[in-house]
Amino acid sequence: MPEPVRSGQRYLPGLDGLRAIAVLAVVAYHIGLSWAPGGLLGVGVFFTLSGYIITDLLLGQQARTGSLQLVDFWFRRARRLLPALFVMLIVVVSWVALLDRSQLAALRGMVASAALYVSNWWLIAQHQSYFSRFGPPSSLGHLWSLAVEEQFYLVWPWLVLLGLRLYRGRRRASESYWGLAAGALVLAAASACLLYTSPSPRDRQ
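Computed from a predicted structure; not experimentally measured.

## Focus on the overall build of the protein
In step 1: Check the secondary structure of the protein and you find 8 helices and 2 strands.
In step 2: If you list the helices and strands of the protein from N to C, you get β-β-α-α-α-α-α-α-α-α.
In step 3: Among the 205 residues that make up the protein, the fraction classed as buried is 31%.
In step 4: Only carbon and sulfur atoms are counted for the fraction: they give 68% of the accessible area of the protein, which is about 13600 Å².

Structure representation (structure tokens):
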């Protein structure tokens, strides 16, 4: 589970509450509640908050210790997320093996990709879309969002470290942070352009 939201040493219950609302909106969308047609926007809200929280943790660690202790950062992420993930995989596989063995063959690849946090890339390789499919949803298809978040945890700290080194020597920390913010906005804009200008698999056929 995500750790409580802190800025420096201050606990910020407001952001925790907003994350909970985002998750509840996604749940409401998936169970078909008519008043939550845009519930999947909660995914974007959760991702945005996670990005802010992780960046705040990294910069706070840099301010306190003078370095980014990435191994410790990743260990804490793994300690919080991996036990729950493995328990869920065991429960789901056991349930399918006992009650719906017809899904076992399709589940093998999903279990491996979920354990390695690459479910999103597995779905892309299989030409499957989480949002437009026919038939019942996969038992583990929802793990694409967790995979995206974990890949962010792996890649983003390196980018923060690179940014801090590029802006090393600035007189004030705020100057480095403004530079990091500008770099993040450039990367976000480039990502959006690639997303909305790349042809879909259907268009390439």
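## Re unusual backbone geometry
The phi angle of most residues is negative, glycine excepted, and most peptide bonds adopt the trans form.
In step 1: In this structure, Y117 is a non-glycine residue whose phi angle is positive, near 60 degrees.
In step 2: Mapped onto the secondary structure, Y117 falls in the loop between α4 (104–115) and α5 (119–125).
In step 3: Overall, the relative accessible area of 12% leaves Y117 in the buried class.

## Re empty space enclosed by the protein
In step 1: Counted under the stated rule, the structure contains 1 cavity of 30 Å³ or more.
In step 2: Taken as a whole, the largest cavity holds about 30 Å³ of empty space.
In step 3: Looking at the largest cavity, the residues that line it are L57, L58, Q61, F73 and R76.
In step 4: Elements represented by at least two residues in the lining of the largest cavity include exactly α2 (41–65) and α3 (70–99).
In step 5: A per-element tally of the lining of the largest cavity places α2 first, with 3 residues.
In step 6: Classifying every residue of the lining of the largest cavity gives 3 nonpolar, 1 polar and 1 charged.

## Notes on the environment of I53
In step 1: Along the chain, I53 turns up in helix α2.
In step 2: Sequence separation of I53 and L15 is 38 residues, and the distance between their C-alpha atoms is 9.0 Å.

## Remarks on the side chain of E150
In step 1: By secondary structure assignment, the location of E150 is in helix α6 (residues 144–166).
In step 2: Here E150 occupies a buried position and makes no salt bridge, while the nearest side chain of opposite charge, R77, is found at 6.4 Å.
In step 3: Not counting residues up to four positions away in its chain, the partners in contact with E150 are L81 and Y117.

## Side note on α2
In step 1: The terminal C-alpha atoms of α2, which comprises 25 residues, lie 36 Å apart, in line with the 36 Å expected from a rise of 1.5 Å per residue.
In step 2: Backbone geometry just downstream of α2 places G66 in the positive-phi region, at approximately 85 degrees.

## Re the nonpolar core
In step 1: With 31 residues, the main nonpolar core has I54, L58, L68, L140, L143 and V160 as its most contacted residues.
In step 2: Among the secondary structure elements, those contributing two or more residues to this core are α2, α3, α4 and α6.
In step 3: If we skip the residues at most four places from it in the chain, V160 touches L58, L59, L68 and L180.

Rules of the game
- Residues numbered from 1 in each chain as written.
- Predicted model: local features only at pLDDT ≥ 70, side-chain atom pairs only at ≥ 80, totals over all residues.
- Heavy atoms only, no water.
- Helix = DSSP H or I, 4+ residues; strand = E, 2+ residues; numbered from the N terminus.
- Buried < 20%, exposed > 50% of the residue type's maximum accessible area, 1.4 Å probe, protein only.
- Areas by Shrake-Rupley, 256 points an atom, 1.4 Å probe, with all protein chains shown as cover.
- 1 Å grid on protein atoms, 1.4 Å probe; cavity = no way out; pocket = protein on both sides within 12 Å on 5 of 7 lines; lining within 4 Å.
- Points joined across faces, edges and corners; volume = space filled by probe spheres on them.
- Nonpolar A, V, L, I, M, F, W, Y, C, P; charged D, E, K, R; others polar.
- Lys, Arg positive; Asp, Glu negative; His and termini not counted.
- Salt bridge = Lys/Arg side-chain N within 4 Å of Asp/Glu carboxyl O.
- Contact = heavy atoms within 4.5 Å.
- Expected span 1.5 Å × (residues − 1).
- Core = buried A, V, L, I, M, F, W, Y, C linked by side-chain atoms within 4.5 Å.

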